[in-house]
Amino acid sequence: MNTRPPLPPFTRESAIEKVRLAEDGWNSRDPAKVALAYTLDTQWRNRAEFATNREEAQAFLERKWKRELEYRLIKELWAFTDNRIAVRYAYEWHDDSGNWFRSYGNENWEFEPDGLMKRRFACVNDMPIKESERLFHWPLGRRPDDHPSLSDLGL
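Residues numbered from 1 in each chain as written. Predicted model: local features only at pLDDT ≥ 70, side-chain atom pairs only at ≥ 80, totals over all residues. Heavy atoms only, no water.

An unreviewed UniProt entry annotates the protein as Nuclear transport factor 2 family protein of Enterobacter vonholyi.

This is the structure we're talking about:
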């Protein structure tokens, strides 16, 4: 059996690690790679979109990152139980017209024993910002370890 550590049941430390690994994956903006973190029959709700399997989740991510350019994400642990994690997050991006946004959201995750995510429920709100109001300036890809967290940024 393939596993995706850390595995449930989660401790505070392993939940924080799982959140950071998810953030790193999404900051890669590689839909095929990110989709491997989810079960074949994963269930998603993201805004008004639903996915009922890994293939649909990957297609969602492909559409997302074609539209949300220069995407940079920070996730933060909110709460956890044995096999569930709740996170809050913010990400910055711009559209193809150069309009910048900061999107704020919350996600609830449920994991299988192998560490793959079975369920992902997301609520997201987009706030238009000026380019000068951006707070996420690292090079595209993984957020540097010394970059401030959401809490550090007051978000």
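## Considerations on the nonpolar core
Counting residues in each nonpolar core, the largest one holds 28 residues, and the members touching the most others are Trp26, Trp44, Ile85 and Trp109. When residues of this core are traced back to their parent elements, those giving at least two are helix H1 (12-28), strand E1 (38-46), helix H3 (54-67), strand E3 (69-80), strand E4 (84-94), strand E5 (100-111) and strand E6 (117-129). It is E4 that contributes the most residues to this core, 5 residues altogether. In this structure, Ile85 is in contact with Phe10, Ala15, Lys18, Val19, Leu77, Ala79, Phe80, Glu107, Asn108, Trp109 and Phe111, ignoring residues within four places of it in sequence. Counting residues in each nonpolar core, the second largest holds 5 residues, with Ile74, Phe136, Trp138 and Leu150 among its members. (Core = buried A, V, L, I, M, F, W, Y, C linked by side-chain atoms within 4.5 Å. Buried < 20%, exposed > 50% of the residue type's maximum accessible area, 1.4 Å probe, protein only. Helix = DSSP H or I, 4+ residues; strand = E, 2+ residues; numbered from the N terminus. Contact = heavy atoms within 4.5 Å.)

## Some points on empty space enclosed by the protein
Within the structure shown, the criterion is met by 1 cavity of 30 Å³ or more. Counting residues per element, the ones that place at least two in the lining of the largest cavity are H3, E3, E4 and E6. Sort the elements by how many residues they give to the lining of the largest cavity and E3 lands first, with 3 residues. Counted by class, the lining of the largest cavity contains 7 nonpolar, 1 polar and 5 charged residues. (1 Å grid on protein atoms, 1.4 Å probe; cavity = no way out; pocket = protein on both sides within 12 Å on 5 of 7 lines; lining within 4 Å. Points joined across faces, edges and corners; volume = space filled by probe spheres on them. Nonpolar A, V, L, I, M, F, W, Y, C, P; charged D, E, K, R; others polar.)

## Regarding the pattern of salt bridges
What the rule picks out here adds up to 19 salt bridges. A salt bridge links Arg20 to Asp145; its shortest N-O distance comes to 3.6 Å. Remark: Asp145 occurs in the loop between E6 and helix H4 (150-153) and Arg20 occurs in helix H1; sequence separation between them is 125 residues. Of the charged contacts in the structure, one is a salt bridge between Arg142 and Asp145, with a shortest N-O distance of 2.8 Å. We classify Arg142 as partly exposed; its relative accessible area is 43%. A single salt-bridge network, built from bridges that share partners, covers Arg20, Glu23, Asp24, Arg142, Arg143 and Asp145. (Salt bridge = Lys/Arg side-chain N within 4 Å of Asp/Glu carboxyl O.)

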